[in-house]
Amino acid sequence: MTLGDLGDVAGLIAAIAFVLLVGFLAVPLWKLGKLLDEARSSVRDVTDHSVPILDEAASTVASANTQLVKVDTITTSAASVSENVSALTGLYAATLGKPLVKVAAFSYGVRQAFGQAKGRLGKHTDPNAGATGAGA
């Protein structure tokens with residue numbers, strides 16, 4: 001064999017090694033391509049399913065805001081009613097409270113006076129008058 005023939009054989013071995021290397025690296029690249037296709041498909045599915053969910057969430061938030069406006073109106077009305085009841089209670093106490101206290105004090109004084117008068121009448125009577133009985 002000549003030197004030129006050895007160079008041809010070495011070139012042929014190098015070419016076969018390069019083809020094997022390319023074939024060996026092509027399999028993972030092929031699998032990586034399939035993986036990227038699946039990832040793209042998954043992202044598309046997630047996007048297709050998440051858009052209606054986001055639309056529904058936006059609708060729910062809008063509905064909740066509407067209900068909160070109604071609750072705010074009710075709360076404002078309840079506060080107004082509470083203030084009116086408080087004012088009415090104060091007016092009632094000012095208008096009828098003092099006269100009722102005076103009437104109660106007067107009636108208490110009258111009862112005390114009648115009680116003391118009744119007690120005095122009982123002390124001035126003869127204690128033996130009830131013990132003898134009628135016809136004895």
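Under an unreviewed UniProt entry, the protein has the name DUF948 domain-containing protein and belongs to Promicromonospora aerolata.

Draft legend 1. Representation of the UniProt feature "transmembrane region" (unreviewed entry) in the protein within the structure. Taking the UniProt record as the reference, the feature "transmembrane region" (unreviewed entry) is found at residues 12–30. Across residues 12–30, the secondary structure splits into 100% helix and 0% strand, with the terminal C-alpha atoms separated by 26 Å.

Draft legend 2. Expanded view of the pattern of salt bridges. Applying the stated rule across the entire model yields one salt bridge. Arg 40 is paired through a salt bridge with Asp 37; the nearest N and O atoms lie 2.5 Å apart. With Arg 40 and Asp 37 both in helix 1 (residues 3–124), this residue pair falls three residues apart, about one helical turn.

Draft legend 3. Spotlight on a nonpolar patch on the surface. Taken together, the side chains of Phe 18, Leu 21, Val 22, Phe 24 and Leu 25 make up a nonpolar region of the molecular surface, amounting to roughly 540 Å² of accessible area. Summarising the element assignment, Phe 18 is placed in helix 1.

What counts, and where the lines are drawn
- Residues numbered from 1 in each chain as written.
- Predicted model: local features only at pLDDT ≥ 70, side-chain atom pairs only at ≥ 80, totals over all residues.
- Heavy atoms only, no water.
- UniProt positions renumbered as here; feature names shortened; annotations may be inferred.
- Helix = DSSP H or I, 4+ residues; strand = E, 2+ residues; numbered from the N terminus.
- Salt bridge = Lys/Arg side-chain N within 4 Å of Asp/Glu carboxyl O.
- Patch = residues over 30% accessible without salt bridge, like charges linked within 9 Å, V, L, I, M, F, W, Y side chains within 5 Å.
- Areas by Shrake-Rupley, 256 points an atom, 1.4 Å probe, with all protein chains shown as cover.

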